[in-house]
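Listed here are the chains, written in short residue letters.
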Amino acid sequence: MKDFKKLDLIPNVIYETIVSTYNKNNTPNAAPMGIKIDKRKNVLISPFTSSQTYKNLDEQKCGVINITTDPLVFLKTAFKENDSIKLLQSWFIEAKCVNAPKLKNVNAHIEFCVIEKEMESNNRARFICKTKFIDVVNQITPIYCRAYFAVIESIIHSTRIKMYIEQKNTEMANRLKKLVYHYYDITKKISPNTVHMEIMDQLLELIDKWEEKIRSES
Ligand SMILES: Cc1cc2nc3c(=O)[nH]c(=O)nc-3n(C[C@H](O)[C@H](O)[C@H](O)COP(=O)(O)O)c2cc1C
């Protein structure tokens, strides 16, 4: 099954996942990595060239994207070099279609092969990958994406901004506006040209309107 439909991924949105690969000595490695799909359904992964994931993808030319919402998996795979955090070999099993390990107990796996590597200016590489197999264990698979969080937070803040503007509490309104601008920048980076950005643009327009109304009344 190579169908992205069950995962409901929006092209060009960055999703936070765990990428697992084999090291040179055949031991498994895993690390949190943002991934996105392009319009041709290729998967894009951009590891720093200093990371083990970069080296492994460059050498092995394949890996697995593990989809989970368990923050512990993110913690353990991000900080595995710490003595207190152990990334156990027993967490992994063999992937089905590529020469890579995959994590047990996650929501879904995307097994892929690297078809192209591009070097970017900021010490990152971009691997363009072709999906070989998708295995959705849980039908409903929420994937970490900072844009969802950013947008919801902004909507909640905006309801308060409206209230503070109406109360002429400029200090509190400005404090929350700063947060919305911050989330705006995050959303623009994480989820450009999507409904997330449409909502963010609408929120900024609304805030302008509320401020203009108060100005015209005074
Ligand atoms: C949610 C999340 C997303 C991340 N995305 C990336 C990424 O896209 N590229 C990258 O190089 N590092 C990313 N990191 C940092 C790496 O996971 C971290 O540096 C890790 O230790 C690299 O492990 P490795 O050397 O085994 O590849 C991310 C970390 C987190 C927590």
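No experiment lies behind these values; they were computed from the predicted model shown. Sequence positions are assigned chain by chain, starting from 1 and proceeding in written order. At least 70 in pLDDT is required for a residue's local features to be given in this predicted model, at least 80 for side-chain atom pairs to be given and counted, and no such filter applies to totals for whole chains, interfaces and linings, which use all residues. Note that the side-chain values use all heavy atoms of the structure and ignore hydrogens as well as water.

The convention used is that axes are lines fitted to C-alpha atoms, helices contributing only their stretch in contact, and that angles between N-to-C directions extend from 0 to 180 degrees. Secondary structure counts use DSSP, requiring at least four H or I residues in a row for a helix and at least two E residues in a row for a strand, with both numbered from the N terminus. One way to put it is that helix α3 (residues 146–166) packs onto helix α5 (residues 195–217) with a least axis distance of 10 Å and a crossing angle of 10°. Of the possible angle classes, the one that applies to α3 and α5 is roughly parallel. Only H196, I199, M200, L203, I207, W210, E211 and I214 of α5 make contact with α3, whose side of the interface consists of A147, Y148, A150, V151, S154, I155, S158, I161, K162, I165 and E166. Classification used: nonpolar for Ala, Val, Leu, Ile, Met, Phe, Trp, Tyr, Cys and Pro, charged for Asp, Glu, Lys and Arg, polar for all others including Gly. For the contact of α3 with α5, the per-class residue count stands at 13 nonpolar, three polar and three charged. Angular relationships are summarised with four words: roughly parallel below 35 degrees, roughly antiparallel beyond 145, roughly perpendicular across 65 to 115, and oblique for the angles in between. When checking whether two residues touch, look at their non-hydrogen atoms; a contact exists if any pair is within 4.5 Å.

The next thing to look at is the site of the ligand. One heavy atom within 4 Å of a molecule or strand makes the whole residue count as near it. Around the ligand lies a shell of 16 residues, among which P32, F48, Q52, T53 and K80 are the nearest. A distance of 3.1 Å is found between a nitrogen atom of the ligand and a backbone nitrogen or oxygen belonging to S46. Identification of polar contacts relies on pairs of N or O atoms within 3.5 Å, with a donor-acceptor requirement for protein atoms, meaning one able to donate a hydrogen and the other able to accept it, and with residues adjacent in sequence counted only if both atoms are side-chain atoms. Note that an oxygen atom of the ligand is positioned 2.8 Å from one of the backbone N or O atoms of F48. Considering the ligand on its own, with 640 Å² of exposed area, one finds that the protein chains cover 71% of that surface. Where the shell around the ligand is concerned, the elements lending two or more residues are β2 (28–37), α1 (52–60) and α2 (71–78). Considered class by class, the residues forming the shell around the ligand number seven nonpolar, six polar and three charged. A 1.4 Å probe and the Shrake-Rupley method give the accessible areas. Residues count as covered only by the protein chains that appear here.

Looking now at the pairing of strand β4 (residues 62–67). The buried label goes to any residue with under 20% of its type's maximum accessible area, the exposed label to any with over 50%, and the partly exposed label to all in between, with areas taken from a 1.4 Å probe on protein chains only. Burial analysis of β4 places six of its six residues in the buried class, the great majority of the element. Burial of β4 is two-sided: the residues C62, V64 and N66 facing one way and the residues G63, I65 and I67 facing the other way are all buried. For two strands to count as paired, DSSP must find a minimum of two bridges between them. With six bridges connecting them, β4 and strand β7 (residues 108–119) associate as antiparallel partners. Residue pairing for β7: I65 is matched across the bridge by I110.

Moving on to the side chain of T187. Summarising the element assignment, T187 is placed in helix α4 (residues 170–190). In this view, T187 contacts A147, A150, V151, P192, H196, M197 and M200; residues no more than four positions away in its chain are not counted.

Taken in spatial order, the six strands line up as β1-β2-β3-β8-β7-β4 and close into a barrel, and their pairing is antiparallel. Going across the sheet, the axis of each strand differs from the next one's by a mean of 45°, ignoring polarity. Relative to strand β8 (residues 125–136), strand β3 (residues 43–45) is paired through three bridges, and the arrangement is antiparallel. Within β8, the residue paired with I45 across the bridge is F127. In the packing of α1 onto the sheet, contacts are made with β1 (15–22), β2, β3, β4, β7 and β8, and the angle to β1 comes to roughly 60°.

Within a pair of aromatic rings, the relevant descriptors are the distance that separates the centres and the angle that separates the planes. Stacked, edge-to-face and tilted labels apply to pairs of Phe, Tyr and Trp rings (six-membered ring for Trp) whose centres lie within 6.5 Å, assigned for plane angles under 30 degrees, over 60, and everything in between, in that order. Here the structure, examined in full by the defined rule, presents three aromatic pairs. With 5.6 Å between their ring centres and 40° between their planes, Y54 and F127 make a pair best called tilted. In this pair, Y54 is assigned in helix α1 and F127 in strand β8, connecting sequence segments 73 residues apart. On the basis of relative accessible area, Y54 is assigned to the buried category, the value being 11%. Between F74 and Y144 the ring centres are 4.7 Å apart and the planes differ by 85°, which places this aromatic pair in the edge-to-face class. Remark: Y144 occurs in the loop between β8 and α3 and F74 occurs in helix α2; sequence separation between them is 70 residues. Taking the ring centre of F48 as reference, the NZ or CZ of R124 above it sits at 4.3 Å. The rule for a charge over a ring is simple: NZ of Lys or CZ of Arg within 6 Å of the ring centre, and within 35 degrees of the ring normal.

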